[in-house]
Amino acid sequence: MRFSSRLVSTTLVAAMIALPVIAQTLRPDRAIRYRQGVLTAMNWHFGVLGSMVKGDRPYDKDVALRSATFVDQLAKMPWDGFLPGTDKGAPTKARPEVFTNTADFKSHQDKLIAETPKLVAAANTGDPTALRTAVIDVDKACKSCHDDYREK
């Protein structure tokens, strides 16, 4: 009796934990909206940095560090939303190749994730020239992925 009640309890707990994950994989629109939301937030903070290095906004080390830190953290997140089957289900600019050239798409992700900590390091220096270099490098990583995997 004890064994079967433990088994039932364990099974119920496992099902409750797995259910939200399964539900998300069955709803492509949620994954699409998730990745778009993360990318929009990342774009916002990257725009703050870009406006500083272009001189459209006064350079502020604290604001630069905050935005650079957010970009670095957000750069790790949208990839969870590129699940199989999320090429449809909501409006998306992701090209079909995202889901067929997965190794190359992953290499673009890895490149971005490798570049964004340099934003934080550059912002930490308080040197606008260092920040400009890091912004250019991250922008190149974003652009190369967009050129290959994003509809215009």
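Residues numbered from 1 in each chain as written. Predicted model: local features only at pLDDT ≥ 70, side-chain atom pairs only at ≥ 80, totals over all residues. Heavy atoms only, no water.

Draft legend 1. Structural context of helix α6 (residues 128–149). Given a rise of 1.5 Å per residue, 22 residues ought to cover 32 Å, and the 31 Å separating the end C-alpha atoms of α6 matches this to within 8%. Burial in α6 covers these residues: Leu131, Ala134, Val135, Val138, Ala141, Cys142, Cys145 and Tyr149. An end-on view of α6 places all buried positions within 125° of arc, on one side of the element. Opposite the packed face of α6, turned more than 90 degrees from it, sit the exposed residues Thr129 and Lys140. On its buried face, α6 is in contact with α2 (28–54), α3 (61–74), α4 (97–100) and α5 (102–125). (Helix = DSSP H or I, 4+ residues; strand = E, 2+ residues; numbered from the N terminus. Expected span 1.5 Å × (residues − 1). Buried < 20%, exposed > 50% of the residue type's maximum accessible area, 1.4 Å probe, protein only. Arc of directions from axis to C-beta. Contact = heavy atoms within 4.5 Å.)

Draft legend 2. Structural view of the pattern of salt bridges. A full pass over the atoms with the stated rule returns 9 salt bridges. Asp29 serves as the salt-bridge partner of Arg27, at 3.1 Å between the closest nitrogen and oxygen. On the basis of relative accessibility, which here comes to 40%, the residue Arg27 falls in the partly exposed class. Taking relative accessible area as the criterion, Asp29 reaches 16% and is therefore assigned buried. Residue Lys106 is joined to Asp110 by a salt bridge in which the shortest nitrogen-to-oxygen separation is 2.7 Å. You can see Lys106 and its partner Asp110 sitting in helix α5, 4 residues apart, about one turn around the helix. With a relative accessible area of 41%, Lys106 lands in the partly exposed category. What you see here is one network of salt bridges that share partners, running through Arg27, Asp29 and Arg33. (Salt bridge = Lys/Arg side-chain N within 4 Å of Asp/Glu carboxyl O.)

Draft legend 3. View of the environment of Ala64. With respect to the helices and strands, the residue Ala64 is situated in helix α3. Residue classification places Ala64 among the buried positions, given a relative accessible area of 0%. Sequence-wise, Ala64 and Gly126 are 62 residues apart; in three dimensions their C-alpha atoms are separated by 8.6 Å. Filtering out sequence-adjacent residues up to four positions away, Ala64 remains in contact with Leu49, Met52, Tyr59, Ala123 and Leu131.

Draft legend 4. Focus on the layout of surface pockets. Volume-wise, the largest pocket comes out at about 640 Å³. In terms of lining, the largest pocket is formed by 25 residues, of which the most central are Leu39, Met42, Cys142, His146 and Arg150. Contributing elements (two or more residues each) for the lining of the largest pocket: α2, α5 and α6. Among the residues forming the lining of the largest pocket, the class breakdown is 13 nonpolar, 7 polar and 5 charged. Approximately 170 Å³ is the volume attributed to the second largest pocket. What lines the second largest pocket is simply Asn43, Phe46, Gly47, Gly50, Ser51, Val53, Lys54, Arg132, Val135, Ile136 and Asp139. (1 Å grid on protein atoms, 1.4 Å probe; cavity = no way out; pocket = protein on both sides within 12 Å on 5 of 7 lines; lining within 4 Å. Points joined across faces, edges and corners; volume = space filled by probe spheres on them. Nonpolar A, V, L, I, M, F, W, Y, C, P; charged D, E, K, R; others polar.)

Draft legend 5. Fine view of the packing of aromatic side chains. A full pass over the atoms with the stated rule returns 4 aromatic pairs. With a centroid separation of 5.7 Å and an interplanar angle of 75°, the aromatic rings of Trp79 and Phe105 are classed as edge-to-face. Of this pair, Trp79 sits in the loop between α3 and α4 while Phe105 sits in helix α5; the two residues are 26 residues apart in sequence, bridging distant segments of the chain. Overall, Trp79 belongs to the buried group, its relative accessible area being 14%. Note on Phe105 and Tyr149: the rings are 5.3 Å apart at their centroids and 70° apart in plane angle, and the pair reads as edge-to-face. Of this pair, Phe105 sits in helix α5 while Tyr149 sits in helix α6, placing them 44 residues apart in sequence. In this pair, the class of Phe105 matches that of Tyr149, namely buried. (Phe/Tyr/Trp six-rings, centres within 6.5 Å; stacked < 30°, edge-to-face > 60°.)

Read these as geometric descriptors, not functional statements.
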